[in-house]
Amino acid sequence: MNTIPEQPADTVARLRATFRTGRTKPVEWRTTQLRRLREMLTERGGELVDALHADLGKSSAEAQRTEIGFTVREIDHTLDHLAEWLRPEPAPVPAHLGEATARTQYDPLGVVLVIAPWNYPAQLLLTPMIGALAAGNAVVAKPSELAPATSAVLARLLPQYLDADAVAVVEGGIPETTALLAERFDHIFYTGNGAVGRIVMTAAVQHLTPVTLELGGKSPVFVDRDADIATVAARLAAGKFLNAGQTCVAPDYVLTDPETARALETALVTAIEALYGADPQASAEYGRIVNERHFDRLSSLLDSGRLVIGGQGDRATKYLAPTVLADVDPKSPVMQEEIFGPVLPIVTVADLDEAIEFINDRDKPLALYAFTESDTTKRRLADETTSGGLGIGLPLAHLTVSDLPFGGVGESGMGNYHGRYSIETFSHRKAILEKALS
């Protein structure tokens, strides 16, 4: 018998009714949901691995490491520390109040909407959900329609493992997302691009709903002349070409002096071949572009500089080779938007001063990376630039530290999460003052 799909308004109303019963507030409910989510990932992870390969060509090892394993570690970290994070914090009371006590406590917000992107479609749906559930909220999860296999698996599995009266999955594209955004939520967590981020924020303001926007941006890499170029190239290639470059914190472009740039070109060729062999198209570890539209967009950027390596593509299979471009003009097409693909431009600057000026003349990036041995250079980049995060010596790694906040600034987003910062994002910190009547 065919059933009529639940409408977004009915879904939100149903979850809000559950929240109002107080069912999601006990710590026991929260930890049960997290443990059940962990069970889903460990028991049914193979189904997600297959879906991620279908959507993005991800290898099993990459899917386990960056999607499933990443999320399991976040669950474990949260379970280990949740009681500590939720503990009320006393506050000193001024003398004029006499005998009184003051404290703060975290209250769940209510019904939270999590909208995930397609590039890490499991991790970037489930990791925000970990924080929302740990904070005691009901959750509407909206997986990306551009990763349809992963969306279907999550929509099937999440209701089997989590409290279906407090967690709902809504699949679909723009119409379904638009319908959800018309509803009143207590928080909206969106990961994606700035154009849609503005749509989300515009919808949220109608209900004065707070938002977390995890956006992107062109994350620069500064390579100092004192850095070990072989190490730089190996770490840079691994960070850039993971998931075929479709990572929000991937190194977007390199800034370095002309002499270092020439040495880096040669080293990057060696590093890419070490990762994927002479023919990356035949490598089981190298992914694919998500769809033809993004393939065409990326292909149009390949004339922006001198080709050092790569450039080959196959639209039918959505393969685009790991590509390095040199002699790139800052005004060229590849430097005008976030690349979000396996194309790495090298832009030459005279020195650190010019690199800092170059970075500060542009939108604040989600991440800034540096390879240098100089403490002065490290300090200047930390003090004289603004970015969501700063990674020195290793791209992407700050994202994996659960005790660090992850988030953007300016055009790269607002708000942050991971670990205890997720509890802060999905909670209201309530002030409580108590004074006896006698």
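Let us look at the structure shown here.

What counts as what
- Residues numbered from 1 in each chain as written.
- Predicted model: local features only at pLDDT ≥ 70, side-chain atom pairs only at ≥ 80, totals over all residues.
- Heavy atoms only, no water.
- Helix = DSSP H or I, 4+ residues; strand = E, 2+ residues; numbered from the N terminus.
- Axes fitted to C-alpha atoms, helices over the stretch in contact; angles between N-to-C directions.
- Parallel < 35°, antiparallel > 145°, perpendicular 65-115°, else oblique.
- Left-handed = near helix turned anticlockwise from the far one by under 90°.
- Contact = heavy atoms within 4.5 Å.
- Nonpolar A, V, L, I, M, F, W, Y, C, P; charged D, E, K, R; others polar.
- Pairing = 2+ DSSP bridges.
- Patch = residues over 30% accessible without salt bridge, like charges linked within 9 Å, V, L, I, M, F, W, Y side chains within 5 Å.
- Areas by Shrake-Rupley, 256 points an atom, 1.4 Å probe, with all protein chains shown as cover.
- Salt bridge = Lys/Arg side-chain N within 4 Å of Asp/Glu carboxyl O.
- Lys, Arg positive; Asp, Glu negative; His and termini not counted.
- Charge placed at Lys NZ, Arg CZ, Asp CG, Glu CD.
- Buried < 20%, exposed > 50% of the residue type's maximum accessible area, 1.4 Å probe, protein only.
- 1 Å grid on protein atoms, 1.4 Å probe; cavity = no way out; pocket = protein on both sides within 12 Å on 5 of 7 lines; lining within 4 Å.
- Points joined across faces, edges and corners; volume = space filled by probe spheres on them.

### Some remarks on the environment of Asp 363
Thinking step 1. Counting through the fold element by element, Asp 363 comes out in the loop between helix 12 (352-360) and strand 15 (367-371).
Thinking step 2. Each C-alpha atom of the pair Asp 363 and Leu 320 lies 27 Å from the other, and the pair is 43 residues apart in sequence.

### Regarding the packing of helix 2 (residues 27-43) against helix 4 (residues 60-86)
Thinking step 1. It is the contact of helix 2 with helix 4, at a shortest axis distance of 10 Å, that shows an interaxial angle of 165 degrees. Considered as vectors, helix 2 and helix 4 are oriented roughly antiparallel to each other. Along this stretch, helix 2 crosses helix 4, giving a crossing that reads as left-handed. Across the interface between the two elements, Val 27, Arg 30, Thr 31, Leu 34, Arg 35, Leu 37, Arg 38 and Leu 41 of helix 2 pack against Ile 68, Thr 71, Val 72, Ile 75, Asp 76, Thr 78, Leu 79, Leu 82 and Leu 86 of helix 4.
Thinking step 2. A class-by-class count of the residues in the contact of helix 2 with helix 4 yields ten nonpolar, three polar and four charged.

### A word on the sheet that holds strand 5 (residues 167-169)
Thinking step 1. On the basis of which strands lie adjacent, the open sheet formed by six strands has the order 5-4-3-6-7-17 and mixed pairing. The open sheet has two edge strands, strand 5 and strand 17 (413-414), and neither has a second partner.
Thinking step 2. Examined bridge by bridge, strand 3 (residues 111-115) and strand 6 (residues 187-191) share four bridges and lie parallel to one another. Paired with Val 114 across the bridge in strand 6 is Phe 189.
Thinking step 3. Taken strand by strand, helix 5 (residues 123-134) contacts strand 3, strand 4 (138-142), strand 5 and strand 6, and its axis lies near 170 degrees from that of strand 4.
Thinking step 4. Each of strand 3, strand 4 and strand 6 touches helix 7 (residues 174-181); the most contacted strand, strand 3, lies at about 155 degrees to it.

### Section: a negative patch on the surface
Thinking step 1. Together, Asp 351, Glu 354, Glu 357 and Asp 361 line one region of the surface with negative charge.
Thinking step 2. Looking at where Asp 351 falls in the secondary structure, it is placed in the loop between strand 14 (343-348) and helix 12.

### A short note on the pattern of salt bridges
Thinking step 1. Taken as a whole and judged by the stated rule, the model has 25 salt bridges.
Thinking step 2. For Arg 297, the salt bridge is made with Glu 337, and the minimal N-O distance between the two is 3.5 Å. Placement of the pair is Arg 297 in helix 11 (residues 292-299) and Glu 337 in the loop between strand 13 (323-326) and strand 14, with a sequence separation of 40 residues.
Thinking step 3. Classification of Glu 337 as partly exposed rests on a relative accessible area of 34%.
Thinking step 4. In this structure, a network of salt bridges that share partners links the residues Arg 16, Arg 184 and Asp 186.

### Points about the sheet that holds strand 8 (residues 220-223)
Thinking step 1. Taking strand neighbours across the sheet as the criterion, the seven strands line up as 10-13-14-9-8-15-16 in an open arrangement whose pairing is mixed. Whereas interior strands pair on both sides, the edge strands pair on one side only; in this sheet they are strand 10 (306-309) and strand 16 (389-392). Each strand of the sheet is rotated relative to its neighbour by a mean of 25 degrees, with strand direction disregarded.
Thinking step 2. Bridge count between strand 8 and strand 15: three bridges; the pairing is parallel. In the sheet register, Val 223 faces strand 15, and the bridge partner there is Phe 371.
Thinking step 3. In the packing of helix 10 (residues 258-276) onto the sheet, contacts are made with strand 8, strand 9 (253-256), strand 10, strand 13 and strand 14, and the angle to strand 14 comes to roughly 165 degrees.
Thinking step 4. Helix 12 rests against strand 8, strand 9, strand 14 and strand 15 of the sheet, and its axis sits at about 145 degrees to strand 9.

### Topic: empty space enclosed by the protein
Thinking step 1. This structure, assessed with the given rule, holds two cavities of 30 Å³ or more.
Thinking step 2. Lining the largest cavity are Gly 217, Lys 240, Gly 245, Thr 247, Cys 248, Ala 250, Pro 251, Asp 252, Glu 338 and Phe 340.
Thinking step 3. Taken together, the residues of the lining of the largest cavity break down into four nonpolar, three polar and three charged.
Thinking step 4. Contributing to the lining of the second largest cavity are Leu 86, Arg 87, Pro 88, Glu 89, Thr 104, Gln 105, Tyr 106 and Arg 429.
Thinking step 5. For the lining of the second largest cavity, the leading source of residues is strand 2 (residues 100-108), giving three residues.

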